[in-house]
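Geometric and topological summary
Next come the chains, spelled out residue by residue.
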Amino acid sequence: ISGKAYSQLFPKFSLAGGPTIGWQWQNIDDLNAQMTAIGVPGFPTDGFLTLGGGGFVELPIKGLDWLRLGGYGTGFTYERSYTDQTDNLTKTVYYSFGAGGITLDYVLPVTKAFDMTFGTFLSTGNLTIQVYQNTPNYGNWNVIFGEIAAGAPSENISRTLTSRFYSVQPQIGFGLFISKLIYAKLNAAYLFSAQNQWKADNDTPVSNVPEGIKPNGFNINFGLNFG
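The subject of this paragraph is empty space enclosed by the protein. Taken as a whole and assessed by the stated rule, the structure comprises two cavities of 30 Å³ or more. The computed volume of the largest cavity comes to approximately 270 Å³. Along its surface, the largest cavity is lined by 20 residues, and Phe56, Tyr72, Lys185, Asn187 and Asn225 are the ones closest to its centre. Counted by class, the lining of the largest cavity contains four nonpolar, 13 polar and three charged residues. Reported here for the second largest cavity is a volume of approximately 80 Å³. Taken together, 15 residues line the second largest cavity, and the ones lying closest to its centre are Gln24, Tyr72, Thr74, Gln169 and Asn219.

Here we come to the side chain of Asn187. Note that Asn187 resides in strand 7 (residues 182–195). Taking the relative accessible area as the measure of exposure, Asn187 reaches 11% and is therefore buried. Among the polar contacts listed, one links the side chain of Asn187 to the side chain of Lys185, at a separation of 2.6 Å. With near-sequence residues (within four places) excluded, Asn187 lies in contact with Thr117, Gln171, Ile172, Gly173, Asn219, Ile220 and Asn221.

The subject of this paragraph is the nonpolar core. Ranked by size, the top nonpolar core spans 19 residues in total, and within it Leu31, Phe43, Phe48, Tyr95, Phe97 and Ile129 carry the most contacts. Those elements giving two or more residues to this core turn out to be helix 2 (29–38), strand 3 (67–83), strand 4 (90–109) and strand 5 (114–134). For this core, the element with the highest residue contribution is strand 4, accounting for four residues. Other than its neighbours up to four places away in sequence, Leu31 contacts Phe43, Tyr95, Ile129 and Ile213.

Take the pairing of strand 3 next. By the bridge criterion, seven bridges tie strand 2 (residues 48–58) to strand 3 in an arrangement that is antiparallel. Of the residues in strand 3, the one forming a bridge with Gly53 is Gly73. Across 17 bridges, the pairing between strand 3 and strand 4 is antiparallel. By the bridge assignment, Ser81 is partnered in strand 4 with Thr92.

This part covers the side chain of Thr20. Structurally, Thr20 is set in strand 1 (residues 14–24). What makes Thr20 buried here is its relative accessible area of 13%. Of note is the side chain of Thr20, whose polar atom sits 3.4 Å from the backbone nitrogen of Gly53. With near-sequence residues (within four places) excluded, Thr20 lies in contact with Thr50, Leu51, Gly52, Gly53, Tyr72, Phe222 and Gly223.

The next point concerns the packing of aromatic side chains. For the coordinates displayed, the defined rule picks out 16 aromatic pairs. With a centroid separation of 5.7 Å and 50° between ring planes, the pair formed by Phe43 and Tyr95 is classed as tilted. Linking Phe43 in the loop between helix 2 and strand 2 with Tyr95 in strand 4, this pair joins segments that are 52 residues apart in sequence. Take Tyr95: its relative accessible area is 1%, and that puts it in the buried class. Judged by centre distance (5.5 Å) and plane angle (25°), the rings of Phe76 and Phe97 are stacked. Of this pair, Phe76 sits in strand 3 while Phe97 sits in strand 4, and the two are 21 residues apart along the sequence. Accessibility classification places Phe76 together with Phe97 in one group, the buried group. Aromatic rings pair up to connect Phe43, Phe48, Phe76, Tyr78, Tyr95, Phe97 and Phe165 into one cluster. Looking at Arg68, its charged tip hangs above the ring of Phe56, at a distance of 4.5 Å from the centre.

Rules used throughout
- Residues numbered from 1 in each chain as written.
- Predicted model: local features only at pLDDT ≥ 70, side-chain atom pairs only at ≥ 80, totals over all residues.
- Heavy atoms only, no water.
- 1 Å grid on protein atoms, 1.4 Å probe; cavity = no way out; pocket = protein on both sides within 12 Å on 5 of 7 lines; lining within 4 Å.
- Points joined across faces, edges and corners; volume = space filled by probe spheres on them.
- Nonpolar A, V, L, I, M, F, W, Y, C, P; charged D, E, K, R; others polar.
- Helix = DSSP H or I, 4+ residues; strand = E, 2+ residues; numbered from the N terminus.
- Buried < 20%, exposed > 50% of the residue type's maximum accessible area, 1.4 Å probe, protein only.
- Polar contact = N/O pair within 3.5 Å; in protein donor to acceptor, adjacent residues only side chain to side chain.
- Contact = heavy atoms within 4.5 Å.
- Core = buried A, V, L, I, M, F, W, Y, C linked by side-chain atoms within 4.5 Å.
- Pairing = 2+ DSSP bridges.
- Phe/Tyr/Trp six-rings, centres within 6.5 Å; stacked < 30°, edge-to-face > 60°.
- Lys NZ or Arg CZ within 6 Å of the ring centre and 35° of its normal.

Rendered as structure tokens:
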């Protein structure tokens, strides 16, 4: 009786998670146009390597045994830097993307070891652009605080611009059970987003931001899930 009651109240379920690696394409023409204007090499136009991780759970609930619920996070940070030999100023720009949210997938078993999934990734995250310009003597304590105290223009510049986005990402996946405890999965998706206004240091709204700087684009990712 105890065994029967236990199986009814706590049915078996699937639970797994692990790391992911992927590649994301974004249209960065507007961003690279600005990079050219400030004399810094542009970011790659053929996509960005992403790293992340996540997991999923499948509950054998009658009528919902096709549903896979999961959570997932991914992102990248790329750096570009240039030192002007004429005035010896070093200019550095970091471009970052980060997103996290939930996944909802319809699971279609093809064989005992292979399945396909059709679903979506609902997420929120940030696009961030960090801009720095430094003189050779900037790493001096007195210079750093002296610039603020004097109230004079400085060649040392630090700016951080951020925009929060909300995205829907339709995706198709191909999964393979390498063993009973290892599940490999390849996803292909396209990210659609809506963005908040860009803000700079101290949460200051930024106007005239080029419209093309968005996280939208095609991406693929591969993950190994253990569980």
